[in-house]
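Fold and geometry: a report
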Amino acid sequence: MIANLIFIDSSYSWETTFGLAIVCFALGFIFKSGVIHKQRKRILHLEDEMISNHAKILSLEKKLVDSKSEKGNQHSDLELISHKAS
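Residues numbered from 1 in each chain as written. Predicted model: local features only at pLDDT ≥ 70, side-chain atom pairs only at ≥ 80, totals over all residues. Heavy atoms only, no water.

1. Remarks on the overall build of the chain
So the rule is basically this: Strands are runs of DSSP state E lasting at least 2 residues, helices are runs of H or I lasting at least 4, and numbering of each runs from the N terminus. A 1.4 Å probe rolled over the protein chains alone gives each residue an accessible area, and that area as a share of the maximum for its type sets the label: buried under 20%, exposed over 50%, partly exposed in between. With residues, only the protein chains shown are counted as cover, and all accessible areas are computed by Shrake-Rupley using a 1.4 Å probe.
Helices and strands together make up the secondary structure of the chain, namely 2 helices and 0 strands. The proportion of buried residues among the 86 residues of the chain is 0%. In the structure as shown, the chain presents an accessible area of about 8,500 Å², 68% of it carried by carbon and sulfur atoms.

What follows is the structure in structure tokens.
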């Protein structure tokens, strides 16, 4: 009985065994391709999310630099006016 579980029973023809092997290979290939496709889709989604987050960070940094430069211009204008008044 154990020999029947380990080895292919002699009642099966080699065509049946070969056909079964091809079907199992095809099913495994389809399953693995589906898993890879799902992982690639997830990676692309995460990359898009990272790009979006980096764009938000850059826009916030630009606003910060712009506000600092506006404050710097206001201070320099005030200094110029105060020097002229003196």
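2. Description of the packing of aromatic side chains
The criterion, for reference: Centres within 6.5 Å make a pair out of two Phe, Tyr or Trp rings, where for Trp the six-membered ring is used; the pair is then stacked when the planes are under 30 degrees apart, edge-to-face when over 60, and tilted otherwise.
On inspection of all chains with the given rule, the structure shows 1 aromatic pair. Here Phe25 and Phe29 contribute two aromatic rings whose centre-to-centre distance is 6.3 Å and whose plane-to-plane angle is 20°, an arrangement assigned as stacked. With Phe25 and Phe29 both in helix α2 (residues 14-85), this residue pair falls 4 residues apart, about one helical turn. Accessibility expressed as a relative area gives 60% for Phe25, which makes it exposed. Overall, Phe29 belongs to the exposed group, its relative accessible area being 53%.

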